Amino acid sequence: MYSFDKDLWHVRARPTGSQDDTKEENRSESPTSAVGAESPRELPNELSAPYEVPQFPIEQIEKKLLIQRQLNVKAAECGQSARSLAGDAVLEEAAKLRATDDDFDVVLPHFQRVAISGEDTSGVPLEDLQQASSYLVQALEIRKRYMDISQQSFCSITARFLRSMDSEAAANHKPSVSVQKHIADHMVHPPFKANKDPWEGPTPSAKDYTIKADDGVFNLYRQTEAGEERVPYEYVKLPQFIQDKNTMCTMIADGPLKSFCYRRLSYLSSKFQLHVLLNELRELASQKAVPHRDFYNIRKVDTHIHAASCMNQKHLLRFIKKTLKKHADEVVTLHKGSPMTLKAVFQSMNLSTYDLTVDMLDVHADRNTFHRFDKFNAKYNPIGESRLREVFLKTDNHMNGKYFARIIKEVASDLEESKYQNAELRLSIYGKSPGEWAKLAKWAIHYDVHSDNVRWLIQIPRLYDIFKSNKIMNNFQEFLSNIFLPLFEVTRDPNSNIELHKFLTHVVGFDSVDDESKPENPMLEADVREPRAWADDENPPYAYYLYYMYANITVLNHFRKEQGLNTFVLRPHCGEAGPVQHLVCGFMLAENISHGLLLRKVPVLQYLYYLSQISIAMSPLSNNSLFLNYHRNPLPEFLARGLCVTLSTDDPLQFHFTKEPLMEEYSIAAQVWKLSSCDMCELARNSVLMSGFPHEMKQYWLGPNYTKEGVAGNDITRTNVPDIRISFRYETLLDELTNMFKFRHNPQQNGVRPPTPPTPDMKVVSLKRPSLV
Ligand SMILES: [Zn+2]
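Conventions adopted
- Counting from 1, residues in each chain are numbered in the order their sequence is written.
- Per-residue local features are limited, in this predicted model, to residues with pLDDT of at least 70; the limit for side-chain atom pairs, both in listing and counting, is 80 or more; totals at the level of whole chains, interfaces and linings are taken over all residues.
- Only DSSP runs of H or I covering at least 4 residues are called helices, and only runs of E covering at least 2 are called strands; the numbering of each starts at the N terminus.
- Residues are called buried when their C-beta atom has 20 or more other C-beta atoms within 10 Å, exposed when it has 12 or fewer, and partly exposed otherwise; all C-beta atoms are positioned from the backbone.
- Residues are defined as contacting one another if the C-beta atoms placed from their backbone atoms lie within 7 Å.
- Angular values range over 0 to 180 degrees, each being the angle between N-to-C directions of two axes fitted as lines to C-alpha atoms, with helices fitted over their stretch in contact.
- Each angle is binned into one of four classes, with values under 35 degrees roughly parallel, values over 145 roughly antiparallel, values of 65 to 115 roughly perpendicular, and all other values oblique.
- The sense of a crossing depends on the near helix, which, turned anticlockwise from the far helix by less than a right angle, makes the crossing left-handed and, turned clockwise, makes it right-handed.
- What a helix should span is 1.5 Å times the count of its residues minus one.
- Strand pairing follows a simple DSSP-based rule, namely that at least 2 bridges must link the two strands.
- Classes in brief: Ala, Val, Leu, Ile, Met, Phe, Trp, Tyr, Cys and Pro nonpolar; Asp, Glu, Lys and Arg charged; the others, Gly included, polar.
- For a crossover, the right-handed case is the one in which the path from the first strand over the helix to the second runs clockwise, viewed with the strands pointing away from the viewer.
- For this quantity, the arc is that covered by the directions from the helix axis to the C-beta atoms.
- Within a predicted model, pLDDT stands for the predictor's per-residue confidence, ranging from 0 to 100.

1. Some remarks on the overall build of the chain
Phase 1: When its secondary structure is counted, the chain shows 31 helices and 14 strands.
Phase 2: Relative to its full complement of 773 residues, the chain shows a buried share of 41%.
Phase 3: Sequence-distant contacts in the chain: of pairs separated by 6 or more residues, those separated by 24 or more amount to 73%.

Below, the structure is given as structure tokens:
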């Protein structure tokens with residue numbers, strides 16, 4: 001252990017700006033200088049400069065000075081040759097491939113780069129490499145198409161490589177003209193807007209469109225002289241989706257492609273280990289050099305958390321006791337048609353405030369919930385009573401969700417107090433009746449439930465089979481209509497339900513939730529029934545639910561964009577358990593996903609998720625209680641390989657103990673997996689990138705140029721992520737993409753193994769549910 005007492009040093013107040021100067025010096029250091037040109041006197045940590053706070057432990061500094069001296073002698077002898085040729089190549093390649101619109105001055109940070117030299121660097125026969133590359137490019141093209149059509153985002157680096165193959169697209173591409181903004185233009189905190197109505201926004205005028213569902217997807221029609229005409233909003237039709245999904249499923253089962261991707265992923269892991277080995281101290285030093293910023297005061301977003309369980313158990317208990325004391329005589333529910341006060345509810349359970357404990361509340365997941373989603377679901381009912389859930393944790397009850405609004409506001413004010421933590425809470429729309437949206441919006445507006453630290457996602461449980469068997473609806477189309485028709489109507493005429501219109505401006509996307517391990521046929525047949533004809537008790541498979549959510553969101557986004565309104569993303573629970581085909585749907589349809597645990601079993605998909613940098617909100621504590629023991633969680637591996645992963649809490653009510661569940665999640669991950677401060681800050685930065693918070697807010701949080709590629713997009717004074725780490729990730733991704741696109745087989749050439757269509761055998765394989773260990 002190393003301890004350091006600052007008082008022993010006479011810390012001199014440095015003139016303003018000197019910190020920046022030092023940083024600038026470090027940054028602009030030429031690649032050769034660190035090995036040789038720099039004299040030991042200029043080391044920022046030198047002991048003879050007693051006024052500097054050292055960044056490294058003293059014994060390391062002494063060692064470093066010694067090595068530095070030895071290296072100086074060597075470097076003088078070898079001159080330029082000290083640089084490895086491979087290192088040069090990487091730098092040149094990186095410079096060449098940097099986007100043309102990013103050509104303002106960016107100084108690449110100096111660090112020890114790991115590069116593989118030689119002709120064939122993939123370790124597989126050239127033929128396999130070519131074949132694998134053309135499959136992967138094909139898969140990336142599929143995702144790009146689906147994202148573009150639905151107005152969701154696609155990794156800009158990968159997009160550039162895809163464009164480079166298509167000369168027409170490359171010619172038509174207009175680089176976004178953006179001037180580099182400097183820190184002076186952007187304070188770290190968004191300007192405070194006092195007395196601003198949070199629900200205020202543009203209210204576009206009504207459109208004269210008719211809304212009609214065509215095979216489960218809502219479309220807009222306008223009257224022309226020639227008759228009714230469909231507004232040409234593009235979306236992917238079901239047969240096309242099934243065909244693309246089958247292509248993808250064939251791909252993930254392809255043997256040679258599997259081994260290729262597995263090798264690349266292993267290479268990425270090893271490369272990261274080497275990077276950390278060689279650069280850990282540099283990364284740490286550059287973090288220490290940033291004034292004021294540390295892990296506690298960088299922005300983090302909890303990108304996967306359910307509103308009904310966003311408070312911890314102690315908070316809920318305190319809230320129930322408080323309410324029971326202050327509002328005992330409030331009528332909270334109806335029992336067999338007669339009103340029932342809160343006091344009466346508790347009397348009916350033989351309970352008083354004194355009796356209540358966290359143990360009695362019994363909402364925490366424990367070892368009995370492992371692989372038992374049913375038992376876990378029951379934990380949402382405090383004291384096992386669904387009535388208490390209804391009174392305290394629902395938006396739609398006898399009091400129109402008054403208590404729920406109150407407790408959510410308490411959680412939101414805790415977030416505001418912590419200042420740097422934000423959450424994207426999921427509220428439910430069940431699709432049971434068309435009035436749900438209006439009620440939910442009324443709840444939010446009437447009780448004024450909003451916060452600058454909170455955005456909403458709408459979760460849609462896959463419960464059609466329950467509604468159908470309870471005779472609430474006749475077919476799947478009714479389920480879809482209940483969910484989407486009100487959204488199309490309010491977009492067509494915001495004044496038709498101004499509350500819903502306002503509420504939607506705070507909604508960032510949709511989530512699809514339920515137990516993924518329920519048995520189902522994960523393959524969609526080409527002759528699958530359309531929603532109107534889906535009239536039996538059987539629940540449609542995951543892919544069917546997701547496709548119809550995606551297709552309707554696509555058309556809705558086109559329409560909302562035309563009206564100048566915000567658009568939505570799809571961020572489903574995906575790959576927590578069940579068939580791996582769910583992850584194929586996620587890859588094709590969703591901008592980002594929650595969980596993604598099963599990617600560990602599918603190297604092809606894992607590599608594709610890496611190449612397209614799909615964000616994954618992982619919740620290892622939740623997994624630990626439900627599906628996968630903590631020490632087997634793939635998060636550290638995914639992070640090492642460079643997948644865009646982040647930490648989220650899922651259900652603090654069930655899994656966490658402290659007042660700051662997100663910090664608890666980070667803390668446990670850091671302890672168990674020995675994550676460095678740099679890793680933690682990278683996870684936090686990913687969470688902001690993935691979130692649906694507005695672009696301007698992200699500019700304040702991550703830096704004004706955060707959308708730019710590589711180091712240009714990083715602002716360490718806000719993210720606390722060293723440029724070295726960002727550069728390593730960027731150059732590694734460029735390397736992978738370059739390799740792949742270089743060797744991509746031209747499909748017109750002879751000798752390509754044609755993609756095998758799905759055989760009946762494969763369907764049998766895919767029907768088998770993977771083990772849930
Ligand atoms: Zn969840």
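2. Brief notes about the packing of helix 9 (residues 255–288) against helix 30 (residues 723–743)
Phase 1: The interhelical angle for the contact between helix 9 and helix 30, taken along N-to-C directions, is 160°, at an axis separation of 9 Å. Compared by their axis directions, helix 9 and helix 30 come out roughly antiparallel. Between helix 9 and helix 30 lies a crossing whose hand is right-handed. Touching Arg264, Leu268, Lys271, His275, Asn279, Arg282, Glu283 and Ser286 of helix 9 are Asp723, Ile724, Arg725, Phe728, Thr732 and Glu736, all from helix 30.

3. Details of helix 5 (residues 126–149)
Think of an α-helix as 3.6 residues a turn; residues three or four steps apart then line up on the same face.
Phase 1: The terminal C-alpha atoms of helix 5, which comprises 24 residues, lie 35 Å apart, in line with the 34 Å expected from a rise of 1.5 Å per residue.
Phase 2: Immediately beyond the C-terminal end of helix 5, within one or two residues, lies glutamine 151, with a positive phi of roughly 65°.

4. Considering the sheet that holds strand 8 (residues 454–461)
Strand pairing in a sheet takes place through backbone hydrogen bonds and is either antiparallel or parallel in direction.
Phase 1: A sheet is described by the order of its strands in space; here five strands give the open sequence 4-7-8-9-10, paired in parallel fashion. Whereas interior strands pair on both sides, the edge strands pair on one side only; in this sheet they are strand 4 (300–306) and strand 10 (569–570).
Phase 2: Across six bridges, strand 7 (residues 421–428) lies against strand 8 in parallel orientation. Each residue of the ladder has a partner; that of leucine 427, found in strand 8, is isoleucine 458.
Phase 3: Seen against the sheet, helix 15 (residues 402–418) touches strand 7 and strand 8 and runs at an angle of roughly 160° to strand 7.

5. Considerations on the sheet that holds strand 1 (residues 210–214)
Phase 1: Ordered in space as 1-2-3, the three strands form an open sheet in which the pairing is antiparallel. Edge positions in the open sheet fall to strand 1 and strand 3 (227–230), since each of these has one partner strand only. Direction aside, the axes of adjacent strands within the sheet are offset by 40° on average.
Phase 2: Bridge count between strand 2 (residues 217–224) and strand 3: four bridges; the pairing is antiparallel. When the sheet's bridge partners are listed, arginine 222 is paired in strand 3 with glutamate 229.

6. Structural notes on the pairing of strand 6 (residues 338–341)
A regular strand places its side chains so that they alternate between the two faces of the sheet.
Phase 1: As paired elements, strand 5 (residues 331–335) and strand 6 share four bridges and run antiparallel to each other. Counterpart to histidine 335 in the pairing with strand 6 is serine 338.
Phase 2: Between strand 5 and strand 6, which follow one another and run antiparallel, lie two residues, and lysine 336 among them has a positive phi close to 50°.

7. A look at the packing of helix 5 against helix 6 (residues 156–165)
Phase 1: Between helix 5 and helix 6, whose axes approach to 11 Å, the crossing angle comes to 110°. One finds that helix 5 runs roughly perpendicular with respect to helix 6. Where helix 5 crosses over helix 6, the two elements pack in a sense that is left-handed. Residues Leu140, Glu141 and Lys144 of helix 5 form the contact with helix 6, whose participating residues are Thr158, Ala159 and Leu162.
Phase 2: Taken together, the residues of the contact of helix 5 with helix 6 break down into three nonpolar, one polar and two charged.

8. Focus: unusual backbone geometry
Phase 1: A positive phi angle, near 85°, is found at histidine 595, a position not held by glycine.
Phase 2: Along the polypeptide, histidine 595 turns up in strand 12 (residues 593–595).
Phase 3: A positive phi angle is found at aspartate 650, which is not glycine, with a value near 70°.
Phase 4: Tracing the sequence through the fold places aspartate 650 in the loop between strand 14 (645–647) and helix 25 (652–655).
Phase 5: On the basis of neighbour counts, which here come to 30 C-beta atoms within 10 Å, the residue aspartate 650 falls in the buried class.

9. Examining the pairing of strand 9 (residues 507–513)
Phase 1: Taking burial as the measure, the seven residues of strand 9 include six buried ones, the bulk of the element.
Phase 2: Sheet topology note: the strand 9/strand 10 ladder contains two bridges and is parallel. Counterpart to phenylalanine 510 in the pairing with strand 10 is leucine 570.
Phase 3: Of the crossover connections in this fold, the one passing from strand 9 over helix 20 (residues 542–562) to the parallel strand 10 is right-handed.

10. Details of helix 10 (residues 313–326)
Phase 1: Taking 1.5 Å as the rise per residue, helix 10 with 14 residues should run 20 Å; its terminal C-alpha atoms sit 20 Å apart, in good agreement.
Phase 2: Where helix 10 is concerned, the buried positions are Gln313, Leu316, Ile320 and Thr323. Down the axis of helix 10, the buried set is contained in an arc of 95°. They therefore lie on one face. Residues of helix 10 that are exposed and point more than 90 degrees away from the buried face comprise Lys325 and Lys326.

11. Comments concerning the environment of asparagine 377
Phase 1: Here asparagine 377 shows up in helix 13 (residues 373–378).
Phase 2: Asparagine 377 sits 138 residues away from aspartate 515 along the chain, and the two C-alpha atoms are 9.5 Å apart.

12. Things to note about the environment of leucine 702
Phase 1: The topology assignment puts leucine 702 in helix 28 (residues 695–702).
Phase 2: Spatially, the C-alpha atoms of leucine 702 and aspartate 715 are 6.4 Å apart, while their sequence positions differ by 13 residues.
Phase 3: For leucine 702, the contacting residues outside a window of four places in its chain are Arg685, Val688, Asp715, Arg718 and Thr719.

13. A word on the confidence of the model for the chain
Phase 1: Looking at the chain as a whole, the pLDDT averages 82, with 79% of positions reaching at least 70.
Phase 2: Note on residues 97–104: pLDDT under 50 across the span, and 12 contacts to partners over four residues away in sequence or across chains.
Phase 3: For the stretch residues 747–773, pLDDT sits under 50, and the model shows 31 contacts to residues farther than four places along the chain or on other chains.

14. Considering the environment of valine 508
Phase 1: Along the polypeptide, valine 508 turns up in strand 9.
Phase 2: Valine 508 gets classed as buried once you count the C-beta atoms within 10 Å, which come to 20.
Phase 3: The spacing of valine 508 and tryptophan 456 is 52 residues in sequence and 6.1 Å in space, taken between C-alpha atoms.
Phase 4: Valine 508 has contacts with Glu424, Arg455, Trp456, Leu457, Phe568, Val569 and Gly692, leaving out every residue within four places of it along the chain.

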